[in-house]
Amino acid sequence: MKKAKLLIAAMFMAVTLGLPAKAVFAAAITITQADLATACSGTPTKGITCSTTDERYTLAAGEYVLGSDLDLGTYNLGLSGAGNYILNLGNHVITSAVNTAKNSSTITVVNSGKTTAIKNGKIANTGMGGGTALSIGGSIATISDVTLSSNADTAEINNFGTTAANVTFNNVVSNKHINVMGDSTLTINSGTYSGDMMGAVSTSLAFDPITFEYNDDGGHLIINGGTFASAASSAIYANGIGKKASVEINGGSFTSEGDTGMEVLGAKSVKVTGGTFTGKEAGLRLTEYTSVVLSGGTYKATGTEVGNGAITMLATNESKLSTLLAAGYKYTDGAAAMGTLFGEPLAYLTSKNVSVISTSTSTNDETNTEDTTSSNTIGAPDSGRNTKETSATTSALVSILASSVLLGGIYAGKKHFAKKQA
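Residues numbered from 1 in each chain as written. Predicted model: local features only at pLDDT ≥ 70, side-chain atom pairs only at ≥ 80, totals over all residues. Heavy atoms only, no water.

Engineer: I tried to follow the overall build of the chain on my own but got confused; where do I start?
Structural biologist: Helix and strand counts for the chain stand at three helices and 36 strands. Relative to its 422 residues, the chain shows a buried fraction of 43%. (Helix = DSSP H or I, 4+ residues; strand = E, 2+ residues; numbered from the N terminus. Buried < 20%, exposed > 50% of the residue type's maximum accessible area, 1.4 Å probe, protein only.)

Structure follows, in C-alpha cells:
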C-alpha cells in the first residue's frame, strides 16, 4: 500500500514539474499506387478521393507515408482539406506530367492557414509545358529533405485568397526556378538551388508572354544558408511589381557564370548580413531599388570588362555606393568609378573582391574569410530541439530523480524505524 502511495506521489510530482509528455498520434496512413487506382474506381480509400473530371487526387487532412513511388499521370495531388498535413515521402518519388489549365503542379497545398509538413523524398513534374513540382498557397508549410524537379518552375509560393503562405525549406534540392509571390514568405535554411534564365529564386518574377511584362505582387525571401547558382542569369532576383517584395540574406553562396550573384530590380527592402555573391558582371547589381542595407557579405566579379565590379548600381555618381552601407560598416576596398549599363550611368566598385565589415574591425582582419555555405544564424535550423528545450527537459528529469531519491529515503527510513519499534 505504501509503495503504491509513493508511486502515485512520484507520478504527481513528475506532472507538476512539467516533464514533457509524448503526444499521442494516430498511426500514419500508408498509401501506394494501388490505392490511387482504388479511389478512381469509385471507392474512396485511406483518405484519398479521385475526380476524373478535374484529374485530381485529394487527400483528407491527416498523416501519410508513401509505401511505393506514385505516378499520377496527368493528375494532380491536392492537400486541400480543412486541417493539418504530414506527408512522409518515405524516400519515394511522386511524379506527374501536368501542364494543362486544369492542373499545373504535381502537388498543390491550399489548406489555408493550416500547417503542412512534406519530407524525405522527391517530387517531380515531367510535363513539357509550364507545370511546377510544388505549389503552396496560404499554408504554413515546412519542406525538409525533398528534391524538387521540373522542366519549368520547381515551386511557386503564393497566397490563397487573402491568406499569405509562410513556407520553410530545409535541405531542399531544386533544379529550376522558385517563385515567391503574393506577399507570401519563403525562408531557406539550407539546400542546393539552381536555375536558368529566371535564376534560382526570385520574388515576383512572373513573366507574361503576351504583354512581355512582369506581373504579380512580390513576396518575401529570407535566406540563412544554402548554395544558389545560375548559368546565364542572376542567382537571386530581388524584384517586386508594386514594390512590395523584400529580401533578407544572412548566409549562403550565390553564383552566376554569366550575370550577377544577386540583382535588385525594385524590391521594397533588401538586407544582407552575410553570404558570398559571385557573378561575371558583379557580385551585387542594383538597377531599381528603394532600400538596400549591407552589414556583411563578400562580393566578387569574375569578368574583366569595364564596369564589372564587386558591387554596381545605376547612379549618377560613385558616392551613392556608400549609401548602401549600414551604420558602422565599410567596404574593405571602397575605390569606385563611373561607367554605363544599357546607356545609363553606372557606379561600381573597381575591386573584383570586396567584403562589407564593421568599422571597428582591425586592418589586419580585413581579409575575405566569409563562410560561403553556412548560415550566420546561431544553431542548426532543423535540429529539432533548441538548447532551452533541452535544458528544461534535463532540469525536470534531474528534479524528478532527486525527488524519487528523497521519497525512497523517507520510505526506507520509515521501514527501519518500524523494525526498531518492533
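Engineer: What is the right way to read the pairing of strand E34 (residues 336–341) from this model?
Structural biologist: Every other side chain in a regular strand lies on the same face of the sheet, so the side chains alternate between the two faces. In this sheet, strand E35 (residues 344–349) lies alongside E34 in antiparallel orientation, the contact comprising six bridges. Among the inter-strand pairings, Ala337 is bridged to a residue of E35, identified as Tyr348. Hairpin connection of E34 to E35: two residues between the antiparallel strands, including Phe342 at a positive phi of 55 degrees. (Pairing = 2+ DSSP bridges.)

Engineer: Explain the environment of Thr147 here, please?
Structural biologist: Structurally, Thr147 is set in strand E11 (residues 140–150). For Thr147, a relative accessible area of 28% gives the class partly exposed. Separated by 45 residues in sequence, Thr147 and Thr192 have C-alpha atoms that sit 9.3 Å apart. Thr147 has contacts with Gly121, Lys122, Ile123 and Val173, leaving out every residue within four places of it along the chain. (Contact = heavy atoms within 4.5 Å.)

Engineer: What should I look at first to understand the state of the cysteines in this one?
Structural biologist: A covalent bond bridging the sulfur atoms of two cysteines is what the word disulfide describes. Counting across every chain of the model gives one disulfide. Across the disulfide from Cys40 sits Cys50; the S-S distance is 2.0 Å. The disulfide joining Cys40 to Cys50 has a torsion of about 80 degrees about its S-S bond and is therefore right-handed. One end of the pair, Cys40, is in helix H2 (residues 33–40); the other, Cys50, is in strand E2 (residues 48–51), with 10 residues separating them in the sequence. Of the residues examined, Cys50 reaches a relative accessible area of 21% and is grouped as partly exposed. (Disulfide = S-S within 2.5 Å.)

Engineer: I would appreciate a short explanation of the packing of aromatic side chains in the present structure.
Structural biologist: When we look at a pair of aromatic rings, we describe it by the centre distance and by the angle of the planes. Applying the stated criterion across every chain, the model contains five aromatic pairs. A ring pair is formed by Tyr193 and Phe228, whose centres lie 4.9 Å apart and whose planes are at 10 degrees; its orientation type is stacked. You can see Tyr193 sitting in strand E17 (residues 191–195) and its partner Phe228 sitting in strand E22 (residues 227–230), a full 35 residues away along the chain. Like Phe228, Tyr193 is buried. Summarising the aromatic geometry, the rings of Phe277 and Tyr299 are spaced 5.2 Å apart at their centres and angled 10 degrees between planes, so their arrangement reads as stacked. You can see Phe277 sitting in strand E28 (residues 276–279) and its partner Tyr299 sitting in strand E31 (residues 298–301), a full 22 residues away along the chain. With relative accessibility at 0%, the residue Phe277 sits in the buried group. Here a set of aromatic residues connected by ring pairs shows up, and it is made of Tyr193, Phe228, Phe254, Phe277 and Tyr299. (Phe/Tyr/Trp six-rings, centres within 6.5 Å; stacked < 30°, edge-to-face > 60°.)

Engineer: Looking at this structure, I do not really get the pattern of salt bridges. What am I missing?
Structural biologist: Pairing between side chains becomes possible if they bear opposite charge and their charged atoms approach one another. Enumeration according to the criterion identifies five salt bridges in this entry. For Glu263, the salt bridge is made with Arg285, and the minimal N-O distance between the two is 3.2 Å. With Glu263 in strand E26 (residues 260–265) and Arg285 in strand E29 (residues 282–288), this residue pair connects regions lying 22 residues apart in the sequence. Each member of the pair Glu263 and Arg285 is classed as buried. One connected set of salt bridges, linked through shared partners, spans Asp259, Glu263, Glu281 and Arg285. (Salt bridge = Lys/Arg side-chain N within 4 Å of Asp/Glu carboxyl O.)

Engineer: How should the nonpolar core be read in this particular structure?
Structural biologist: Side chains that are nonpolar tend, in soluble globular proteins, to be buried together. Core analysis: the largest hydrophobic core is formed by 74 residues, its most contacted members being Phe169, Phe228, Leu294, Ile311 and Tyr331. Beyond its immediate stretch of four places on either side in the chain, Ile311 contacts Leu284, Leu286, Leu294, Tyr299, Leu321, Leu324, Tyr331, Ala347, Tyr348 and Leu349. (Core = buried A, V, L, I, M, F, W, Y, C linked by side-chain atoms within 4.5 Å.)

Engineer: Hey, could you run me through H2 in this one?
Structural biologist: A turn of α-helix holds 3.6 residues, and therefore any two residues three or four places apart point the same way. What H2 keeps buried is the set Asp35, Leu36 and Ala39. Projection of H2 onto a plane perpendicular to its axis shows the buried side chains occupying an angular sector of 105 degrees, all on one side. The elements touched by buried residues of H2 are strand E1 (29–31), E2, strand E3 (56–59) and strand E5 (70–71). (Arc of directions from axis to C-beta.)

Engineer: Even after reading the chapter, I still don't get the confidence of the model for the chain, so can you show me in this structure?
Structural biologist: Parts of the prediction with low pLDDT should not have their coordinates interpreted in detail. Across the chain, pLDDT averages 82, with 76% of residues at or above 70. Low pLDDT, under 50, characterises residues 1–25; the predicted model gives this stretch 17 contacts beyond four residues in sequence or across chains. Long-range and interchain partners of residues 207–212, a stretch whose pLDDT sits below 50, account for five contacts in this model, where long-range means more than four residues apart. (pLDDT = per-residue confidence, 0-100.)

Engineer: Is there a simple way to explain the environment of Ala28 in this structure?
Structural biologist: Within the secondary structure layout, Ala28 lies in the loop between helix H1 (2–16) and E1. Judged by relative accessible area, Ala28 falls into the partly exposed class, the value being 32%. C-alpha separation for the pair Ala28 and Asn88, spaced 60 residues apart in sequence, amounts to 9.0 Å. If sequence neighbours within four positions are ignored, Ala28 has contacts with Glu63, Tyr64 and Val65.

Engineer: Sorry, what's going on with the pairing of strand E6 (residues 76–79) here?
Structural biologist: Burial along E6 is two-sided: Asn76 and Gly78 facing one way and Leu77 and Leu79 facing the other are all buried. As judged from the three bridges shared by E3 and E6, these two strands associate in the parallel manner. Paired with Arg56 across the bridge in E6 is Asn76.

Engineer: Even after reading the chapter, I still don't get the environment of Gly219, so can you show me in this structure?
Structural biologist: Looking at the element boundaries, Gly219 is found in the loop between strand E20 (213–215) and strand E21 (220–223). Separated by 27 residues in the primary sequence, Gly219 and Ser246 place their C-alpha atoms 6.7 Å from one another. Those residues within four positions of Gly219 in sequence are excluded, and the remaining contacts are Val180, Met181, Gly182, Asp183, Ser184, Thr203, Ser204, Ala245 and Ser246.

Engineer: Can you help me understand unusual backbone geometry in this one?
Structural biologist: In terms of backbone geometry, most residues other than glycine have negative phi values and most peptide bonds are trans. Of note in this structure, Glu55 is not a glycine but carries a positive phi near 55 degrees. Using a relative accessible area of 21% as the deciding quantity, one classes Glu55 as partly exposed. A positive phi angle, near 55 degrees, is found at Asn171, a position not held by glycine. Mapping Asn171 onto the fold places it in the loop between strand E13 (166–170) and strand E14 (172–174).

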